[in-house]
Amino acid sequence: MTVWHVILLASIAVFALKLVGYLVPPSLLERPTPARVANLLTVALLAALTATQTLESAGGIVLDARVPAVVLAAALYALRVPFIVVVIAAAALAALVRLLGWMP
């Protein structure tokens, strides 16, 4: 089995799962428990993706310029600063940390 076979099988499986999702009755999704689980699962997956992309490199945990940038972005976002300002400030901080060599 080649990589393309695996990709095609995974694509078919994801498409079938999406089709099955349309068969779920709307009344089931409007109940409090499934709605809460869906909301919390979304936040958990986003947090895991952010942590993985920020802290992981070559199979290990790495603390580099991305960490203070993400911390700054979280703080600014909590203060309800406009998103574009958050992105620019975090990028500038990461660039400054790398320029000054404060972190590896």
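Residues numbered from 1 in each chain as written. Predicted model: local features only at pLDDT ≥ 70, side-chain atom pairs only at ≥ 80, totals over all residues. Heavy atoms only, no water.

Asks: For the pattern of salt bridges, give the residues involved together with the corresponding values.
Replies: Scanning all chains against the criterion turns up 1 salt bridge. Of the charged contacts, one joins arginine 66 and aspartate 64 as a salt bridge, the two residues approaching to 3.1 Å between their closest N and O atoms. Taking the relative accessible area as the measure of exposure, aspartate 64 reaches 11% and is therefore buried. (Salt bridge = Lys/Arg side-chain N within 4 Å of Asp/Glu carboxyl O. Buried < 20%, exposed > 50% of the residue type's maximum accessible area, 1.4 Å probe, protein only.)

Asks: Kindly report on the nonpolar core, identifying the contributing residues and their values.
Replies: Ranked by size, the top nonpolar core spans 8 residues in total: Ala65, Ala69, Ala73, Leu76, Val86, Ala90, Ala94 and Val97. Every element with two or more residues in this core is listed here: helix 4 (66-78) and helix 5 (83-100). The dominant element in this core, judged by the number of residues it contributes, is helix 5, at 4 residues. If we ignore the near neighbours within four places in the chain, the residues touching alanine 69 are Ala90, Leu93 and Ala94. (Core = buried A, V, L, I, M, F, W, Y, C linked by side-chain atoms within 4.5 Å. Helix = DSSP H or I, 4+ residues; strand = E, 2+ residues; numbered from the N terminus. Contact = heavy atoms within 4.5 Å.)

Asks: Hey, could you go over the side chain of threonine 54 for me, with residue numbers and the actual values?
Replies: Along the chain, threonine 54 falls in helix 3 (residues 32-55). Residue classification places threonine 54 among the buried positions, given a relative accessible area of 11%.

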